[in-house]
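The residues making up each chain are set out below.
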Amino acid sequence: MMDWRRERLELMAYLLEQDWNVFGTLKFVDGRTIGSVTANKLLRSYWNRIDRVFFGHAADRRNIRVPRWCFAHEGTDTENFHVHFLLKSPIADVEYACCVLNAVWTQHHQQTGPIAKNWIMPVKIRRDAVNYVTREYWRLGSATILDDICWDSTNLAELAKYEHDAQAARIHRAASPLWLRQAQQALQAQQAAYAADDGNLVVKRGKAPSR
């Protein structure tokens, strides 16, 4: 077995051992022209903002951050940069968390993708999601893992402590009701598409080439 296959299997096994319940895709307005430097800056600032939205000053003072594993992908022609992630919802309402994540990304910068272009939803089949996020390992190797924006050091028992009025206020400052409604509509459309395809949509979109 080639090294990349062994490494990918090890990564998949590791991911399946972690606690996450959201699968996401973050797109740019134009993934072909965004450039790695600009994309990485936007991604870092986005995740820092998400951490502050959900956890306030504790994100910086206590390193309470949303647990996440992020992966760079280039698309079938190697020129369409975008990011996939697995994430532990920081709030009990997982679907609402998905809407917040999408709405904040869309409003984050003029180059971040519109709501309908992103794909953020509760995980249905964990193995399919892991297969999806690691599918470009054969091409990128470990560089597909965006270590600088991943985070797995938050004690999950801490998350519930921040579900209070102050958190709700931060969410509404970060994402307007209009954007949240549009994100909810996008989520419902994605869930319907997934259900109509008998849960195979992620598998088909994430199929890795055989090598």
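Up top is the structure these notes are about.
This structure is a prediction, so every number in the text was calculated from the model and none was measured. (Residues numbered from 1 in each chain as written. Predicted model: local features only at pLDDT ≥ 70, side-chain atom pairs only at ≥ 80, totals over all residues. Heavy atoms only, no water.)

**A word on the overall build of the chain**
Line of reasoning, step 1. When helices and strands are counted, the chain shows nine helices and four strands.
Line of reasoning, step 2. In sequence order, the chain lays out its α and β elements as α-β-α-α-β-β-α-β-α-α-α-α-α.
Line of reasoning, step 3. Computed over C-alpha atoms, the radius of gyration of the chain comes to 17 Å, within 12% of the 17 Å expected from 2.2 N^0.38 for 211 residues, which places it in the range of a compact globule.
Line of reasoning, step 4. For the C-alpha atoms alone, the extent of the chain along its principal axes is close to 50 × 35 × 30 Å.
Line of reasoning, step 5. Burial analysis of the chain (211 residues in total) assigns 50% to the buried set.
Line of reasoning, step 6. As presented, the chain carries roughly 10300 Å² of accessible surface, and 50% of it is formed by carbon and sulfur atoms.
Line of reasoning, step 7. Distance from the positive charge centre (28 side chains) to the negative charge centre (23 side chains) of the chain: 3 Å. (Helix = DSSP H or I, 4+ residues; strand = E, 2+ residues; numbered from the N terminus. Rg over C-alpha atoms; globule rule 2.2 N^0.38 Å. Buried < 20%, exposed > 50% of the residue type's maximum accessible area, 1.4 Å probe, protein only. Areas by Shrake-Rupley, 256 points an atom, 1.4 Å probe, with all protein chains shown as cover. Lys, Arg positive; Asp, Glu negative; His and termini not counted. Charge placed at Lys NZ, Arg CZ, Asp CG, Glu CD.)

**Points about the pattern of salt bridges**
Line of reasoning, step 1. As enumerated under the stated definition, the model contains 11 salt bridges in all.
Line of reasoning, step 2. Put simply, aspartate 51 and arginine 68 hold a salt bridge, and the shortest N to O gap is 2.9 Å. Of this pair, aspartate 51 sits in helix 2 (residues 36-55) while arginine 68 sits in strand 2 (residues 68-73), placing them 17 residues apart in sequence. This pair shows no difference in class: aspartate 51 is buried, exactly as arginine 68 is.
Line of reasoning, step 3. The shortest N-O distance in the salt bridge between lysine 161 and glutamate 158 comes to 2.8 Å.
Line of reasoning, step 4. Residue glutamate 158 is classed as buried on the basis of its relative accessible area of 11%. (Salt bridge = Lys/Arg side-chain N within 4 Å of Asp/Glu carboxyl O.)

**Let's talk about the side chain of threonine 112**
Line of reasoning, step 1. Positionally, threonine 112 belongs in the loop between helix 4 (94-108) and strand 4 (119-122).
Line of reasoning, step 2. For threonine 112, a relative accessible area of 4% puts it in the buried group.
Line of reasoning, step 3. Here the side chain of threonine 112 touches tryptophan 105 through a polar contact of 2.6 Å, landing on its backbone oxygen.
Line of reasoning, step 4. Reaching out from threonine 112, the side chain makes a polar contact with the backbone oxygen of threonine 106 at a distance of 3.4 Å.
Line of reasoning, step 5. In this structure, threonine 112 is in contact with Lys27, Phe28, Val29, Leu42, Trp105 and Thr106, ignoring residues within four places of it in sequence. (Polar contact = N/O pair within 3.5 Å; in protein donor to acceptor, adjacent residues only side chain to side chain. Contact = heavy atoms within 4.5 Å.)

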